[in-house]
Amino acid sequence: MVGFFGHLSLLLLLAQGLNSCGLFNDPTTSTVDCGSNCATTTTESSAVGGKLAQSYVKDAQVWADQLVNGTGNLDWDVGEPLAISGDSGAYILTSDAPWILAGDFQIVTSGGKKTDSNGNWVDASPMVAPAPEPGQTETNVTPLTTLVAFEPALKEKLEALGGWNVDIASPSGVSGNLLRIAKTVETLSSTLSGGSSPVVSDLSANLKSLGKLATQLNSTSGDLASDEVLKASASSAITAVVSDPTLVPNPPTEAQKAALTSSVEQAVQGIAAAIPANNSVVV
């Protein structure tokens, strides 16, 4: 096991030295010449990489979660490519598995640390991203890609606000609209999974809870980044999560649910007060 993770660390260091760590559309080929008695063997492999961004997330596990009938289990299974994100949030995954080459996977993260607004290292929220599209040169994993992984129709809506696959931790900044939405996703995740008695207690339930938020946002006809839509969507997501026994076997009382909802709405209001609801660049 030590040797395996040492190999992963070496792979990560090599990845950080690349000029671009996205999907390489031209497969990497290697040939093995076994003499005149056999034919030359060619293997293909595919690489996908980018940044883990809330602020940049380091030391997170990142893996390609195989899709079976279009669905992944959100857990790491033996044989699925795995890496650890670097200090700048960079990761790269490579594999010659047929399902990787066919794009039948999603990218999942777990653990890791990020810096908060005061520069303190805090736990990062788990995230998901869909497999890259043809021509996509970088696959970032962010709260926005997490929404898209659960509700692909949100790609178009987020693209209109500045891009669903943007690096939201870029020193160059990002659209205030996108940042509002991303921070709302993080807030819901930490509210449901934090504290001494978390509402959701495992990775899969946490991520599927964010899928409830994605569904609420996708169903709205209003401005996704508006105060009203974000608060209403987060509140409705909490109701949907605590009402789902597969996610929350022991639901909170009505008083506890009201407290959760109030906490999230206040946090979203704080996000809205701090970040402008427009496409102005915010760092």
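Before any of the text, the structure's been laid out above.
All values derive from a computational prediction rather than experimental measurement.

A. Structural context of the nonpolar core. Core analysis: the largest hydrophobic core is formed by 50 residues, its most contacted members being Leu-147, Leu-154, Leu-158, Ile-181 and Leu-217. Elements represented by at least two residues in this core include exactly helix H3 (143–150), helix H4 (154–159), helix H5 (176–193), helix H6 (203–219), helix H7 (227–242) and helix H8 (254–274). When sequence neighbours within four positions are dropped, the list of residues in contact with Leu-154 reads Leu-147, Val-148, Ala-214, Leu-217, Asn-218 and Leu-224.

B. Summary view of the packing of H5 against H7. Close contact between H5 and H7 brings their axes to 11 Å; oriented N to C, the two are set at 30 degrees. If you check the angle between H5 and H7, you find them roughly parallel. The way H5 lies across H7 gives a crossing that is right-handed. Of the residues in H7, those in contact with Arg-180, Ile-181, Thr-184, Leu-188 and Leu-192 of H5 are Asp-227, Leu-230, Ala-234, Ala-237, Ile-238 and Val-241.

C. Local environment of the packing of H7 against H8. Two numbers describe how H7 lies on H8: the axes approach to 9 Å, and their chain directions differ by 155 degrees. Considering their axes alone, H7 and H8 lie roughly antiparallel with respect to each other. Crossing geometry of H7 relative to H8 is assigned as right-handed. Contact with H7, carried on its side by Asp-227, Leu-230, Lys-231, Ala-234, Ser-235, Ile-238, Thr-239 and Val-242, involves Lys-257, Leu-260, Thr-261, Val-264, Glu-265, Val-268, Gln-269 and Ala-272 of H8 and no other residues of that element.

D. Representation of the environment of Ser-95 within the structure. Among the structural elements, Ser-95 can be located in strand S5 (residues 90–95). Overall, Ser-95 belongs to the buried group, its relative accessible area being 11%. Once the C-alpha coordinates of Ser-95 and Ser-46 are considered, the two residues, 49 residues apart in sequence, prove to be 5.7 Å apart. Setting aside anything within four residues of it in sequence, one finds Ser-95 in contact with Ser-45, Ser-46, Pro-81, Ile-100 and Leu-101. From its side chain, Ser-95 meets the backbone nitrogen of Ala-97 in a polar contact 3.0 Å long.

E. Focus on the packing of aromatic side chains. Inspection of the entire model under this criterion finds 0 aromatic pairs. We note Lys-51 situated over the ring of Tyr-56; from NZ or CZ to the ring centre the distance is 4.6 Å. When the ring centre of Trp-121 is taken as origin, the NZ or CZ atom of Lys-58, which lies over that ring, is 4.1 Å away.

F. Fine view of the pattern of salt bridges. One pass over the full model with this rule turns up 6 salt bridges. Of the charged contacts in the structure, one is a salt bridge between Lys-155 and Glu-133, with a shortest N-O distance of 2.4 Å. Of this pair, Lys-155 sits in helix H4 while Glu-133 is found in the loop between strand S9 (127–130) and H3, placing the two residues 22 residues apart along the sequence. Residue Lys-155 is classed as buried on the basis of its relative accessible area, which comes to 18%. Classification of Glu-133 as partly exposed rests on a relative accessible area of 33%.

G. Molecular detail of the sheet that holds strand S6 (residues 105–110). What the 4 strands build is an open sheet, ordered S4-S3-S6-S9; its pairing is antiparallel. Looking at which strands have only one partner, the edges of the open sheet turn out to be strand S4 (82–84) and S9. The sheet shows a mean angle of 20 degrees between the axes of neighbouring strands, taken without regard to direction. Pairing between S6 and S9: 4 bridges, direction antiparallel. Paired with Ile-107 across the strands is Ala-129, a residue of S9. Contacts from H6 reach strand S3 (61–66), S6 and S9, with the element oriented near 115 degrees to S6.

H. Region of the structure containing unusual backbone geometry. The backbone of Asn-69 shows a phi angle near 55 degrees, a positive value even though the residue is not glycine. Following the sequence through the fold, Asn-69 ends up in the loop between S3 and S4. Residue classification places Asn-69 among the exposed positions, given a relative accessible area of 80%. Despite not being glycine, Leu-74 shows a phi value in the positive range, around 65 degrees. In this structure, Leu-74 sits in the loop between S3 and S4.

The rules behind each value
Residues numbered from 1 in each chain as written. Predicted model: local features only at pLDDT ≥ 70, side-chain atom pairs only at ≥ 80, totals over all residues. Heavy atoms only, no water. Core = buried A, V, L, I, M, F, W, Y, C linked by side-chain atoms within 4.5 Å. Buried < 20%, exposed > 50% of the residue type's maximum accessible area, 1.4 Å probe, protein only. Helix = DSSP H or I, 4+ residues; strand = E, 2+ residues; numbered from the N terminus. Contact = heavy atoms within 4.5 Å. Axes fitted to C-alpha atoms, helices over the stretch in contact; angles between N-to-C directions. Parallel < 35°, antiparallel > 145°, perpendicular 65-115°, else oblique. Left-handed = near helix turned anticlockwise from the far one by under 90°. Polar contact = N/O pair within 3.5 Å; in protein donor to acceptor, adjacent residues only side chain to side chain. Phe/Tyr/Trp six-rings, centres within 6.5 Å; stacked < 30°, edge-to-face > 60°. Lys NZ or Arg CZ within 6 Å of the ring centre and 35° of its normal. Salt bridge = Lys/Arg side-chain N within 4 Å of Asp/Glu carboxyl O. Pairing = 2+ DSSP bridges.

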